[in-house]
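Report on the structure
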Amino acid sequence: MVQSKKGASAPSELAYFFPAEWEKHAAIFLSWPYDIISFPSLAKVEQTYLKIIKALQETKSEEVKLFVTGARMKKRAIKILESNGADVSKIKFFVHDYGDVWFRDYGPTFVVDRGARKLAMVKWKFNAWGNKYPELLKDDKMPKAINEQMKLPFFVSGIVMEGGAIETNGKGVLLTTEECLLNPNRNPGIPKEKIEQILKSHLGVSKIIWLPGGIEGDDTDGHIDNLARFVGENTVLCSIEEDEKDSNYRNLLKNLSILSASTDSAGKKFDVVKLPSPKVFAGQRKLSASYCNFYIANNAVLVPQFGVETDKKALEIIAHHFPSRKVIGIDCLDLVFGYGTIHCISQQQPKI
């Protein structure tokens, strides 16, 4: 284990950096769902996982590394997958106790040294999104459990953060939000400058663009993967809301304005593409549904769909930017009830 502190080398000093999601993957990590509090329609969410795994296999994208909590859950997952045509022999199972499925947030961030063809992990402190869910604090142990098998260089950042809070173009630029990383429930007493320094040293980025905040219903305090995503080194998709009466209108307009005025690490302005926001409710509760929560696999892009009129337009916009990949809509109406969708439940392992 490498403790990144004064006197120790940080990942960037050892030539590691955080690659863009469209670069080649060796695998995708997922955790099988089981919590009926997060997902009252659990069987439907299991079917969503089935569709995600089958889409990855059918497009010959990347290996699936699937966490289960024990033998009973593994047996159930295998039954569902096999009976619906998934190839279980191509899935690598990991067994470890975990609280919920939001792997991107509690799992490691993988960084690469392309010159030495080496992979490493960065571990952030996971405090269940500002100690909102004490029963999920045990998920902070997941990166170490993974590395007991992978045995990679392991950098401990020392700050609270989640994987869904960061987005990179792989060329030195990182997107994040003030609402999340500067929230007193994450790193009280640590100034913005120090957080920037840690992000730069652990992710190999030179520039950080801060957006103000997120959307209604997002219990993560404004994760970037619901707001803006790079689809190219200089192109970023940005969630927008055209209804001025909508609760998200002002926040998303501010984000759009900042991105439109921002530049990449070479000083070139970004091509900012507007992506519509779906209106999805559970009774009176507005859900944190976003088309930005897509996952870029090697040969496919998996895009959340919610059974609303903006679904088709969002698919078309995303497909335009990934002509060499198959863009596949995945029904996430039951999954988003737990406050996240495809990007939130996944984490890519870069290929070396």
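For clarity, every value in this text was computed on a predicted model and none was experimentally measured. Here the residue numbering is sequential within each chain, running from 1 through the sequence in written order. The model is predicted, so local features are restricted to residues of pLDDT at least 70 and side-chain atom pairs to those at 80 or more, both for listing and for counting; the totals for chains, interfaces and linings are taken over all residues. As a convention, hydrogens and water are excluded, and side-chain values are obtained from all of the structure's heavy atoms.

Turning our attention to the overall build of the chain. For the purposes of this entry, the term helix denotes a DSSP run of H or I that reaches at least four residues, the term strand denotes a run of E that reaches at least two, and both are numbered from the N terminus. Broken down by element type, the chain carries 10 helices and 19 strands. Our radius of gyration is a C-alpha quantity, and the globule rule it is checked against amounts to 2.2 Å times the number of residues to the power 0.38. Relative to the 2.2 N^0.38 estimate, which gives 20 Å for 352 residues, the radius of gyration of the chain is 19 Å and therefore close to what a compact globule would have. We call a residue buried when its accessible area falls under 20% of the maximum for its residue type, exposed when it is over 50%, and partly exposed in between, using a 1.4 Å probe and counting protein chains only. Classification of the 352 residues of the chain by burial places 61% in the buried group. In this description, contact between two residues means that some pair of their heavy atoms is separated by no more than 4.5 Å. Taking all contacts inside the chain whose residues are at least 6 apart in sequence as the whole, residues at least 24 apart take part in 77%. Every accessible area reported is derived by Shrake-Rupley at a probe size of 1.4 Å, with residue values counting cover from the shown protein chains alone. Entry remark: accessible area of the chain is about 14,600 Å², with carbon and sulfur atoms responsible for 50%. His is not counted here, nor are the chain ends, while Lys and Arg score as positive and Asp and Glu score as negative. For charged residues, the charge sits on one atom: NZ in Lys, CZ in Arg, CG in Asp, CD in Glu. Here the chain contributes 47 positively and 42 negatively charged side chains, and the mean placements of these two sets differ by 5 Å.

With that out of the way, let us pick up unusual backbone geometry. Here the phi dihedral of Ala-128 falls at roughly 55°; this positive angle occurs in a residue that is not glycine. In this fold, Ala-128 is placed in helix α4 (residues 128-131). When its relative accessible area of 0% is taken as the criterion, Ala-128 is described as buried. Positive phi, normally seen in glycine, also occurs at Asp-221, with a value near 65°. Note on Asp-221: relative accessible area 11%, which makes it buried.

On to the sheet that holds strand β9 (residues 173-177). What holds strands together in a sheet is hydrogen bonding between their backbones, with the strands either parallel or antiparallel. The sheet built from 3 strands is open, its strands ordered β8-β9-β10 with mixed pairing. This sheet does not close on itself; its edge strands, each paired only once, are β8 (167-168) and β10 (207-211). Any two strands are treated as partners once DSSP identifies two or more bridges connecting them. Where β8 meets β9, 2 bridges bridge the pair, whose relative direction is antiparallel. Residue pairing in the sheet places Glu-167 in a bridge with Leu-175 of β9. Orientation is described by axes fitted as lines to C-alpha atoms, over the contacting stretch for helices, and by angles from 0 to 180 degrees between their N-to-C directions. The strands that helix α7 (residues 192-203) touches are β9 and β10; relative to β10, the one it contacts most, it runs at about 130°. The strands touched by helix α8 (residues 249-261) within the sheet are β9 and β10, with β10 carrying the most contacts at an inclination of about 155°.

Here we take up the nonpolar core. Counting 95 residues, the largest nonpolar core has Leu-30, Trp-32, Leu-66, Leu-81, Leu-259 and Leu-302 as its most contacted members. Here this core gets 8 residues from one element, more than from any other, and that element is helix α1 (residues 42-58). Aside from chain neighbours lying at most four places away, what touches Leu-302 is Ile-52, Ala-55, Leu-56, Phe-294, Tyr-295, Ile-328, Ile-330 and Ile-342. Phe-18, Val-111, Ile-159 and Val-205 belong to the second largest nonpolar core, which has 21 residues in total. Put simply, buried Ala, Val, Leu, Ile, Met, Phe, Trp, Tyr and Cys residues joined by side-chain atoms within 4.5 Å make one nonpolar core.

A word on the confidence of the model for the chain. Low-pLDDT portions of the prediction should not be read for the details of their coordinates. Averaged over all residues, the pLDDT of the chain is 96; the fraction at 70 or higher stands at 98%. As a per-residue quantity, pLDDT reports the predictor's confidence and falls between 0 and 100. Confidence scores differ between elements of the chain, with strand β1 (residues 2-3) showing the lowest mean pLDDT of 50 and strand β16 (residues 295-296) the highest of 99. Across residues 3-7, confidence stays below pLDDT 50; counting only partners more than four residues off in sequence or on other chains, it has 9 contacts.

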